[in-house]
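Listed below, chain by chain, are the residues.
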Amino acid sequence: MGAQIEAAGLVKQARDYLVDAGQRYVIFWDIVRKRGNLYRDHLKAGQPPVLVFDHEIIMDGHDLTPPSNYKLARIIPPEGNKVDPKQRPVIVIDPRAGHGPGIGGAKRDSEIGIALKAGHPVYFILFDKDPVAHQTVADVEETQIAFIEEVARRHPHSAKPSVAGNCQAGWALAILAADRPGTTGPIVLNGSPLSYWAGLEGKDTMRYLGGMLGGVWVNALLADLGGGIFDGANLVLNFEAMNPVNTFWKKQYQVWANADSEERRYLDFERWWNGYFNLTKEEIHFIVDNLFIDNRLETGQLVLRGDKKLRLKDIQEPIVVFCSSGDQITPPQQALNWIVHTWNSLEEIKHQGQVVVYMIHPTIGHLGIFVSGKVAVKEHKEMINSFDMIEMLPPGLYEMVFEADEKNIDPRSENLIRFEGREIEDIIALDDHMTEEETLFPLAAAVSQRNDAFYDAYLSAWVKAMMTPMVADTLRQLHPMRVSRYGFSDLNPLLWPFESAARKVKKQRTPAAPDNLFLGWERAASNWIETGLEYYRLASSFGVESAFQMLYSERSPLNWFYPEASPAPLSTEEMLERRLVQKQKSKAERERWLGKMRQGGFVEGVVRAVVAITAADEILGRETYMRLLEMAQRHERLKTVDPTDFRRIVRDQARILQVNPPLAREALRDLLPCEQ
């Protein structure tokens, strides 16, 4: 009897599961159909940004000289959201890496939303689908400088705008800040690969792709096949190929397994993910050749125009770097190692008067850095609330650390922020063997240059001759990323029945119980498939890495044909000369600050005394900042000081304390005589 009851229960579970799975099957394919229709509707609408905030275009790059396809939008605060025009403006720039703009404001809880809630005027730099003919990276930089200057002009009584660049927009922002120092306030680099050669062995294999394909000539070929336009769908396809687990199974299974709740989230994301935006051949060639293949930005060899070489150490604004250990596209090494290569030591950062702050999230993925609502309401919120404080930090390298604000010291946040002093060695420790592996890439860059020269001299003209506008557009429409979208839309009559079937199924929906045996088997099967795809990814990555290391090692025969890839080491005289120059600069900088020890009066003396007490352990918290701010707002002498001047005074006094703490404290007698 017990066996019969058990068998009947098993039959019921099987029946419930089959009904549930069949209903989810119908709903899933209806969602896929909607995704295809959404893609087509987005195209018909001109692929507008996926912002959820109202906005107005206040400047158009097409009207500037040189022209570009970028636009400056003012974000209109939602009803009930008060913005203080005297607060520091915040500018957000989304990545132009195959997708369209708007992901930085696709949710209420986002970079844009958090800045609005904090009362900041917010601006957004977006771009059209198609670039201006022969548009260059230098043209885009000129446009963005004009936009930033316009924002500053609109807020003459505010501090300089803080600018946040997401992914590709981050390194473009670093180029702008190095080329035109002083244009912005603090800059934020979110998941931005400034050190593309860096990464952990056995893990970060995307950096090998350019070398394995022979270099930048492939991008030139794809641009020529597009009639001078590089199709952004190629970049999106590359991202998808990096993660076969998610691309071929997990993303779809999550929708099927949670068909009742995943539709809106899935379609909102796919609307952005499937909006392919293009670049010119000039842009993609510059980006891949200078940043990914030859790494010229990090090494100070990048030339944007003329013969001026850009150096990241020329950036004057405080720099905030936000990265994540869970990021497979821009791992922490690619986001941070440029600091090691730009400044030889912490002392050099201080002598340069630079402030560099970094923050490493333990788990979030690449897109989550600037898409996740949880990240927005914590990390981005605290960065935005800390801009004024960051401008008052003494020159140096800091890590931004969070702790719960149990004393409610800052009413704007549930967290207290500390900026803990770090050494260059702390960044080096994040890597496995930084310099050893990066010595392979110069040979790959040399191969790329020669292959590109050969393609440009002998093949490019033939490809261009065959590519009429009609042929180029046909190739774009036949791209697998597009076919997989419009091929599963209402253009496909096989999907038509799912629309009405899904409506009926949703009215009669009977999901299986969570403890259903067959539902558990389904989840187990999904885990097995994910594990198999992950093993495939690991094996593929290992094969690519091994091939790259073998092809471009110091024992490779390629070294015989590319001697320029192994530059001669510096002579003893050159090394001594460089050290002497650096020593002279450091001495001059030190003498300059020593000369300011007794300059100033009451304001400088009070600020120096407070900083000397609160920052003695090289850990500066928000509590310290709040005290300084309260003192500046209430004291009769201090409240008359302009906020911008006050931030400068705090930084100067902190730097004086760094140079010679005993002498700086002793000099307080001259700044604060007893009669005061």
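Cut-off values and rules
- Residues numbered from 1 in each chain as written.
- Predicted model: local features only at pLDDT ≥ 70, side-chain atom pairs only at ≥ 80, totals over all residues.
- Heavy atoms only, no water.
- Helix = DSSP H or I, 4+ residues; strand = E, 2+ residues; numbered from the N terminus.
- Contact = heavy atoms within 4.5 Å.
- Areas by Shrake-Rupley, 256 points an atom, 1.4 Å probe, with all protein chains shown as cover.
- Phe/Tyr/Trp six-rings, centres within 6.5 Å; stacked < 30°, edge-to-face > 60°.
- Buried < 20%, exposed > 50% of the residue type's maximum accessible area, 1.4 Å probe, protein only.
- 1 Å grid on protein atoms, 1.4 Å probe; cavity = no way out; pocket = protein on both sides within 12 Å on 5 of 7 lines; lining within 4 Å.
- Points joined across faces, edges and corners; volume = space filled by probe spheres on them.
- Nonpolar A, V, L, I, M, F, W, Y, C, P; charged D, E, K, R; others polar.
- pLDDT = per-residue confidence, 0-100.
- Patch = residues over 30% accessible without salt bridge, like charges linked within 9 Å, V, L, I, M, F, W, Y side chains within 5 Å.
- Salt bridge = Lys/Arg side-chain N within 4 Å of Asp/Glu carboxyl O.
- Lys, Arg positive; Asp, Glu negative; His and termini not counted.
- Charge placed at Lys NZ, Arg CZ, Asp CG, Glu CD.
- Polar contact = N/O pair within 3.5 Å; in protein donor to acceptor, adjacent residues only side chain to side chain.
- Axes fitted to C-alpha atoms, helices over the stretch in contact; angles between N-to-C directions.
- Arc of directions from axis to C-beta.
- Expected span 1.5 Å × (residues − 1).
- Pairing = 2+ DSSP bridges.

A. Seen up close, the overall build of the chain. Scanning the chain for helices and strands turns up 31 helices and 15 strands. Within the chain, contacts between residues at least 6 apart in sequence are counted, and of these 81% link residues at least 24 apart. Accessible surface computed for the chain: about 31600 Å², of which carbon and sulfur atoms make up 57%.

B. The arrangement of the packing of aromatic side chains in detail. For the structure on display, the rule yields 24 aromatic pairs. Seen from their ring centres, Tyr196 and Phe292 are 4.5 Å apart, and the 40° between their planes marks the pair as tilted. A residue pair is termed long-range when its members are at least 10 positions apart, and Tyr196 in the loop between strand E6 (187-190) and helix H5 (209-212) and Phe292 in helix H10 (residues 281-293) qualify at 96 residues. On the accessibility criterion, Tyr196 (9% relative accessible area) is buried. Overall, the relative accessible area of 22% leaves Phe292 in the partly exposed class. Relative to Tyr253, the ring of Trp249 lies with its centre 5.6 Å away and its plane at 10°, an arrangement referred to as stacked.

C. Focus on the layout of surface pockets. Roughly 1300 Å³ of volume is contained in the second largest pocket. Along its surface, the second largest pocket is lined by 40 residues, and Asn246, Phe269, Trp273, Leu367 and Gly368 are the ones closest to its centre. Every element with two or more residues in the lining of the second largest pocket is listed here: helix H7 (232-242), helix H8 (244-257), helix H9 (263-273) and helix H14 (368-371). A total of eight residues in the lining of the second largest pocket trace back to one element, the largest contributor, which is H9. Of the residues in the lining of the second largest pocket, the class split is 19 nonpolar, 11 polar and 10 charged.

D. Representation of the confidence of the model for the chain within the structure. Averaged over every residue, the pLDDT of the chain is 87; the share at 70 or more is 90%. Put simply, helix H26 (residues 572-594) is where the chain has its lowest mean pLDDT, 65, and helix H3 (residues 137-154) is where it has its highest, 97.

E. Looking closely at the environment of Ile112. Its place among the elements puts Ile112 in helix H2 (residues 111-117). Judged by its relative accessible area of 0%, Ile112 falls in the buried class. With 10 residues separating them in the primary sequence, Ile112 and Gly102 have C-alpha atoms 9.8 Å apart. With residues near it in sequence (within four places) discarded, Ile112 still touches Leu51, Phe53, Ile75, Val92, Gly104, Gly105, Val122 and Phe124.

F. Local environment of a negative patch on the surface. Taken together, the side chains of Glu347, Glu423, Glu425 and Asp426 define an acidic patch exposed on the protein surface. Turning to its location among the elements, Glu347 is positioned in helix H13 (residues 346-352).

G. Structural view of the side chain of His120. Its place among the elements puts His120 in the loop between H2 and strand E4 (122-127). Reaching out from His120, the side chain makes a polar contact with the backbone oxygen of Arg88 at a distance of 2.7 Å. Ignoring anything within four residues of it in the chain, the contact list for His120 reads Val83, Gln87, Arg88, Val90, Ala115 and Ile384.

H. Structural view of the packing of H8 against H9. Viewed as axis vectors pointing N to C, H8 and H9 meet at an angle of 150°, and their least axial separation amounts to 11 Å. Across the interface between the two elements, Lys251, Gln252, Gln254 and Val255 from H8 touch Arg265, Tyr266, Glu270 and Trp273 from H9. Considered class by class, the residues forming the contact of H8 with H9 number three nonpolar, two polar and three charged.

I. Looking closely at helix H23 (residues 497-507). Residues of H23 that are buried: Phe498, Ala502 and Val505. Take H23 and look down its axis: the buried residues cluster within an arc of 65°, on one side only. Among the exposed residues of H23, those pointing more than 90 degrees away from its buried face are Arg503, Lys504 and Lys507.

J. Region of interest: a nonpolar patch on the surface. Taken together, the side chains of Leu10, Leu517 and Trp521 make up a nonpolar region of the molecular surface, amounting to roughly 300 Å² of accessible area. Here Trp521 lies in helix H24 (residues 517-551).

K. Structural view of helix H29 (residues 643-659). In this model H29 runs 25 Å from its N-terminal to its C-terminal C-alpha over 17 residues, within 8% of the 24 Å that 1.5 Å per residue would give. When H29 is considered as a whole, its buried residues turn out to be Phe646, Arg647, Ile649, Val650, Arg651, Gln653, Ala654, Arg655, Ile656, Leu657 and Val659.

L. Molecular detail of the pairing of strand E12 (residues 355-361). In terms of burial, E12 is largely enclosed, as six of its seven residues are buried. Bridge analysis of strand E11 (residues 319-324) against E12 gives six bridges, and the strand direction is parallel. Paired with Ser324 across the strands is His361, a residue of E12.

M. Examining empty space enclosed by the protein more closely. One pass over the full model with this rule turns up seven cavities of 30 Å³ or more. For the largest cavity, the calculated volume is near 150 Å³. Together, 15 residues line the largest cavity, and Tyr70, Val137, Val140, Gln168 and Ala172 are the ones closest to its centre. Mapped by element, the contributors of at least two residues to the lining of the largest cavity are H3, helix H4 (168-179) and H10. For the lining of the largest cavity, the leading source of residues is H4, giving five residues. Here the residues of the lining of the largest cavity are counted per class, giving 10 nonpolar, two polar and three charged.

N. How the structure looks around the side chain of Glu270. Structurally, the position occupied by Glu270 is in helix H9. By relative accessible area, which is 1% here, Glu270 ends up buried. Among the polar contacts listed, one links the side chain of Glu270 to the side chain of Lys251, at a separation of 3.3 Å. Sequence-distant contacts of Glu270, defined by excluding residues within four places in its chain, comprise Arg35, Lys251 and Arg485.

O. Representation of unusual backbone geometry in the model. Backbone torsion omega between Thr65 and Pro66 reads -5°, so that peptide bond is classified as cis. Checked against the element boundaries, Pro66 lands in the loop between strand E1 (55-60) and strand E2 (70-75). A positive phi angle is found at Gln47, which is not glycine, with a value near 55°. Among the secondary structure elements, Gln47 is positioned in the loop between helix H1 (2-44) and E1. Gln47 gets classed as buried once you look at its relative accessible area, which sits at 6%. Even without a glycine there, the phi angle at Asn295 is positive, about 55°. Structurally, Asn295 can be placed in the loop between H10 and helix H11 (296-299). Take Asn295: its relative accessible area is 1%, and that puts it in the buried class.

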